[in-house]
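Topology and contacts: notes
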Amino acid sequence: MAPVRGALAVYPGTFDPFTPGHRDMVARARVMFDKVIVLLAVNADKRPTAEATTRAARVRDAIPAAWGNVEVDTWTGLTAAYCLRRGATVIVRGLRSAADLGHEQQLAAMNEHLGIQTVWLPARPELAATSSTVARAYQSARPS
């Protein structure tokens, strides 16, 4: 697949933790777009297990060095504001199930109003059951 020339895409999330499903989304998006920014969202309403800088470092460590068109950044505020600031025209979002779609459609409609398109990628079936919430629960239940 040839990338969309000149397209800068943003893949936002809290990534707490960055799961194999997240990595797969980045792997797929990086061949669709010239550049992908994995945007670690800083959301005061969520209670992450680590500071944003630590989570961003973990995401960077999970991205192969050969993926030269992938960048990791952090942002406090609306993803659309970040996209407008950076000149991104696309937001990439993953869909694990039909239940995700209603919420995602509302976000996409707001972002489209601001001139930013949303591209949804379905989660691969073998990765769809693992959310960050499930991954955190598993990590906390594991004996040290």
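As shown above, the structure is provided for reference.
To keep things clear, this report deals only with the structure shown in the data block. (Residues numbered from 1 in each chain as written. Predicted model: local features only at pLDDT ≥ 70, side-chain atom pairs only at ≥ 80, totals over all residues. Heavy atoms only, no water.)

Right, let's talk about the overall build of the protein for a bit. Along the protein, the regular secondary structure elements total five helices and five strands. In the protein, the order of α-helices and β-strands from amino to carboxyl end is β-α-β-α-β-α-β-α-β-α. Across the 144 residues in the protein, those meeting the buried criterion constitute 40%. Of the contacts made within the protein by residues no fewer than 6 positions apart, 79% connect residues no fewer than 24 positions apart. (Helix = DSSP H or I, 4+ residues; strand = E, 2+ residues; numbered from the N terminus. Buried < 20%, exposed > 50% of the residue type's maximum accessible area, 1.4 Å probe, protein only. Contact = heavy atoms within 4.5 Å.)

This brings us to the packing of aromatic side chains. Applying the stated criterion across every chain yields a total of three aromatic pairs. Both rings, one in Tyr11 and one in Phe15, keep their centres 5.3 Å apart while their planes meet at 55°; by these two values the pair is tilted. Judged by relative accessible area, Tyr11 falls into the buried class, the value being 5%. For Phe15, a relative accessible area of 3% translates into the label buried. Note on Trp75 and Tyr82: the rings are 5.2 Å apart at their centroids and 65° apart in plane angle, and the pair reads as edge-to-face. Summarising the burial analysis for this pair, Trp75 and Tyr82 share the class buried. (Phe/Tyr/Trp six-rings, centres within 6.5 Å; stacked < 30°, edge-to-face > 60°.)

The next subject is the side chain of Glu104. As for its placement among the helices and strands, Glu104 is situated in helix α4 (residues 98–113). At 2.7 Å, the side chain of Glu104 and the side chain of Arg93 are in polar contact. (Polar contact = N/O pair within 3.5 Å; in protein donor to acceptor, adjacent residues only side chain to side chain.)

Taken in spatial order, the five strands make up an open sheet running β3-β2-β1-β4-β5, and their pairing is parallel. In the strand order of this sheet, the two ends are held by β3 (70–76) and β5 (117–122), each with one partner. Here the average twist between neighbouring strands, direction ignored, is 35°. Relative to strand β4 (residues 90–95), strand β1 (residues 4–13) runs parallel, the two sharing two bridges. Across the sheet, Val10 pairs through a bridge with Ile91, a residue of β4. Against the sheet, α4 touches β4 and β5, its axis set at about 155° to β5. (Pairing = 2+ DSSP bridges. Axes fitted to C-alpha atoms, helices over the stretch in contact; angles between N-to-C directions.)

Another point: the environment of Thr76. Checked against the element boundaries, Thr76 lands in strand β3. Judged by its relative accessible area of 59%, Thr76 falls in the exposed class.

Our next topic: helix α1 (residues 20–32). For α1, built from 13 residues, the straight-helix expectation of 18 Å at 1.5 Å per residue is met to within 8% by its first-to-last C-alpha distance of 19 Å. Taken together, the buried positions of α1 are Gly21, His22, Asp24, Met25, Val26, Arg28, Ala29 and Met32. (Expected span 1.5 Å × (residues − 1).)

Residue Pro17 follows Asp16 across a cis peptide bond; omega there is 5°. By the secondary structure assignment, Pro17 is in the loop between β1 and α1. The residue Phe15 is not glycine, and still its phi comes out positive at about 50°. Considering the arrangement of structural elements, one finds Phe15 in the loop between β1 and α1.

Overall, the coordinates contain six salt bridges when judged by the stated rule. With its nearest N and O atoms 3.1 Å apart, the salt bridge here joins Arg28 to Asp24. Pair noted here: Arg28 and Asp24 are both in helix α1, with a separation of four residues, about one helical turn. An identical accessibility class is assigned to Arg28 and Asp24; each is buried. Between Asp24 and Arg124 there is a salt bridge, with its nearest N and O atoms 2.9 Å apart. (Salt bridge = Lys/Arg side-chain N within 4 Å of Asp/Glu carboxyl O.)

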